Amino acid sequence: MSTDTLDIDAVDAYLANHLDGHRGPLEATKFAVGQSNPTFELKTPDKSFVLRRKPPGVLLKSAHAIDREFRVQSALAGSKVPVPKMYLLCEDDDIIGSAFYVMEHLQGRTFLEPTMKGESNETRTAILDEMNRVLAELHMVDIDAVGLSDYGPTGNYFERQIARWTKQYRASETNEIADMDALISALEASIPEDDGQRTLVHGDYRIDNLMFERDGSRCIGVLDWELSTIGHPYADLAAVIMQWQMPPGREGRGLAGIDRDSLGLPSDQAFIARYCEHRGISGIENFGFYLAFNFFRMAGILQGVYKRALDGNASDPARAQAFGAYVPVFAQHGLSALK
């Protein structure tokens, strides 16, 4: 089954039986973004929704966690972390061939790159400070109060994440990459002692996974929660800094080589300091480890996307094929960050 198609009749019938006030007919358009879980805009005569589904085909165990995405966003409703409203979760694969959920279609704007071409310096500064503030709020969510204390295991987050992503990487490995093997060994040997911080983490916190109001800098939605769990907050913060090490443009979506001052963009150090200010902490030691961890994990994710392209299950096959070339690059960056 193609990931570009959706059984509209089946979805329409399901919504008629499970979503109060639903009235067809239904139209669906696949969003171009989103490599992991195919995402569609659903239009009815009355309003529009977003449907997010697992891809069809054989999948890695624990990947494409549609049910977890639905749960975490439902739990955050009404919190200081903006999320779209969740309407329903369907875990019956027989309806459209895989599990899916339906949520609110937010009306705002997204930025594919942190350079935010065409925006004023004042807007860029405000957007990234809002991105910083929301990240800090995410890490200050009372996980017991919102019912997410069991959303991830206890123990050393980095220890279990390195083990998990090493397993995922090996399961989708297509050829030997010496730098990736070296990075895995180096990370395993340098895991910091657990400092007791246990918070909700997004797992893929980037500017293109946030939606902002159309005429301002306020964030109206944090999206794409597939990799979220209970873990260590510095993993999310380092993920932002990791992305900025990449080259600018559609593929890298980074800030490497960019004169940030001329665009009103903060330095890595200023962004980290601002985050610490929002959270009321004095600073972060050993940041190179957290940065290297994120390069490693992203390399593992990209390897999985590449493998799905080879298997014919990628949401965007041509782009997924290109991602394979980035795996050794991310491994090299990870080794450099550790040094």
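Our subject is the structure listed above.
These numbers were taken from a predicted model, which means no experiment stands behind them.

**A few points about the pattern of salt bridges**
Tallying each qualifying case throughout the model produces 17 salt bridges. In this structure, the salt-bridge partner of Glu 69 is Arg 52, at a minimum N-O distance of 2.7 Å. With a gap of 17 residues between them, Glu 69 in helix H2 (residues 66-75) and Arg 52 in strand E3 (residues 48-53) connect regions that are remote in the sequence. Taking relative accessible area as the criterion, Glu 69 reaches 0% and is therefore assigned buried. Between Asp 268 and Arg 260 there is a salt bridge, and its shortest N-O distance comes to 2.9 Å. As far as burial versus exposure is concerned, Asp 268 and Arg 260 are alike and both buried. Through salt bridges with shared partners, one network takes in Asp 204, Arg 206, Asp 208 and Arg 253.

**Side note on helix H1 (residues 8-18)**
Those residues of H1 lying buried are Ala 10, Val 11, Asp 12, Tyr 14 and Leu 15. Those residues of H1 that are buried are in contact with strand E2 (39-43), E3, strand E4 (86-90) and strand E5 (100-104).

**Considering the sheet that holds E5**
Spatially, five strands are ordered E1-E2-E3-E5-E4 in an open sheet, and the strand pairing comes out antiparallel. For this open sheet the edge positions go to strand E1 (27-30) and E4, each flanked by a neighbour on one side alone. Neighbour-to-neighbour, the strand axes of this sheet turn through a mean angle of 25 degrees, independent of strand direction. Relative to E2, E1 runs antiparallel, the two being bridged by four bridges. By the bridge assignment, Lys 30 is partnered in E2 with Phe 40. Contacting E1, E2, E3, E4 and E5, H1 crosses the sheet at an angle of about 115 degrees to E4.

**Side note on the packing of aromatic side chains**
For the structure on display, the rule yields 16 aromatic pairs. Each ring, one from Phe 295 and one from Phe 330, has its centre 5.9 Å from the other, and the planes form 65 degrees; the classification is edge-to-face. Of this pair, Phe 295 sits in helix H9 (residues 287-311) while Phe 330 sits in helix H11 (residues 326-338), placing them 35 residues apart in sequence. An aromatic cluster of at least three residues, connected via ring pairs, comprises Tyr 157, Phe 158, Tyr 234, Phe 287, Phe 289, Tyr 290 and Phe 293.

**Points about the packing of helix H3 (residues 121-139) against helix H8 (residues 268-279)**
Relative orientation of the contacting elements H3 and H8 amounts to 45 degrees, with a least axis distance of 9 Å. Considered as vectors, H3 and H8 are oriented oblique to each other. When the axes of H3 and H8 are compared, the crossing they make is right-handed. Between H3 and H8, the residues in contact are Leu 128, Asp 129, Asn 132, Arg 133, Leu 135, Ala 136 and His 139 and Phe 271, Arg 274, Tyr 275, His 278 and Arg 279, respectively. Considered class by class, the residues forming the contact of H3 with H8 number five nonpolar, three polar and four charged.

**Quick look at the side chain of Asn 294**
In this structure, Asn 294 sits in helix H9. For Asn 294, a relative accessible area of 2% puts it in the buried group. Apart from residues lying up to four places away in sequence, Asn 294 is in contact with Ala 235, Ala 238, Ala 239 and Met 242.

**What about the nonpolar core?**
Grouped together as the largest cluster of nonpolar side chains are 76 residues, with contacts concentrated most on Leu 200, Trp 225, Ile 284 and Phe 296. A total of 14 residues in this core trace back to one element, the largest contributor, which is H9. The contacts of Ile 284, once residues within four sequence positions are left out, are Tyr 234, Leu 237, Ile 272, Tyr 275, Cys 276 and Tyr 290. Counting 16 residues, the second-largest nonpolar core is a separate cluster that includes Leu 6, Tyr 14, Phe 40 and Ile 96.

Here is what the cut-offs are and how they apply
- Residues numbered from 1 in each chain as written.
- Predicted model: local features only at pLDDT ≥ 70, side-chain atom pairs only at ≥ 80, totals over all residues.
- Heavy atoms only, no water.
- Salt bridge = Lys/Arg side-chain N within 4 Å of Asp/Glu carboxyl O.
- Helix = DSSP H or I, 4+ residues; strand = E, 2+ residues; numbered from the N terminus.
- Buried < 20%, exposed > 50% of the residue type's maximum accessible area, 1.4 Å probe, protein only.
- Contact = heavy atoms within 4.5 Å.
- Pairing = 2+ DSSP bridges.
- Axes fitted to C-alpha atoms, helices over the stretch in contact; angles between N-to-C directions.
- Phe/Tyr/Trp six-rings, centres within 6.5 Å; stacked < 30°, edge-to-face > 60°.
- Parallel < 35°, antiparallel > 145°, perpendicular 65-115°, else oblique.
- Left-handed = near helix turned anticlockwise from the far one by under 90°.
- Nonpolar A, V, L, I, M, F, W, Y, C, P; charged D, E, K, R; others polar.
- Core = buried A, V, L, I, M, F, W, Y, C linked by side-chain atoms within 4.5 Å.

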